[in-house]
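Inside the fold
Listed below are the residues making up each chain.
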Amino acid sequence: MCPSDLAATPVLVERLAAWAAALDARGLVLAPVSVLIRRPEGIAQDTAPVRAASAP
């Protein structure tokens, strides 16, 4: 099953929010993969600050 096949049902959203909220207790931070990728030298990086995601 591919994540893109999942419908954003209320149950899925609630479970995802609970999972994301529990990451801090485990010492983990949810971050987009694009932030973790090292860009090749010579390519300009975004200068906008990265905000931490927070679950409701």
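Here's a quick rundown of the structure. (Residues numbered from 1 in each chain as written. Predicted model: local features only at pLDDT ≥ 70, side-chain atom pairs only at ≥ 80, totals over all residues. Heavy atoms only, no water.)

Here the focus is the overall build of the protein. Helices and strands together make up the secondary structure of the protein, namely two helices and zero strands. Put simply, the protein has 56 residues, and 2% of those count as buried. Summing over all exposed atoms, the protein offers an accessible surface of approximately 5,400 Å²; the carbon and sulfur share of this is 61%. (Helix = DSSP H or I, 4+ residues; strand = E, 2+ residues; numbered from the N terminus. Buried < 20%, exposed > 50% of the residue type's maximum accessible area, 1.4 Å probe, protein only. Areas by Shrake-Rupley, 256 points an atom, 1.4 Å probe, with all protein chains shown as cover.)

To continue, consider a nonpolar patch on the surface. Residues Leu-16, Trp-19 and Leu-30 make up a contiguous nonpolar surface patch of roughly 310 Å² in combined accessible area. As for its position among the elements, Leu-30 is in the loop between α1 (10-22) and α2 (33-36). Residue Leu-30 is classed as partly exposed on the basis of its relative accessible area, which comes to 45%. (Patch = residues over 30% accessible without salt bridge, like charges linked within 9 Å, V, L, I, M, F, W, Y side chains within 5 Å. Salt bridge = Lys/Arg side-chain N within 4 Å of Asp/Glu carboxyl O.)

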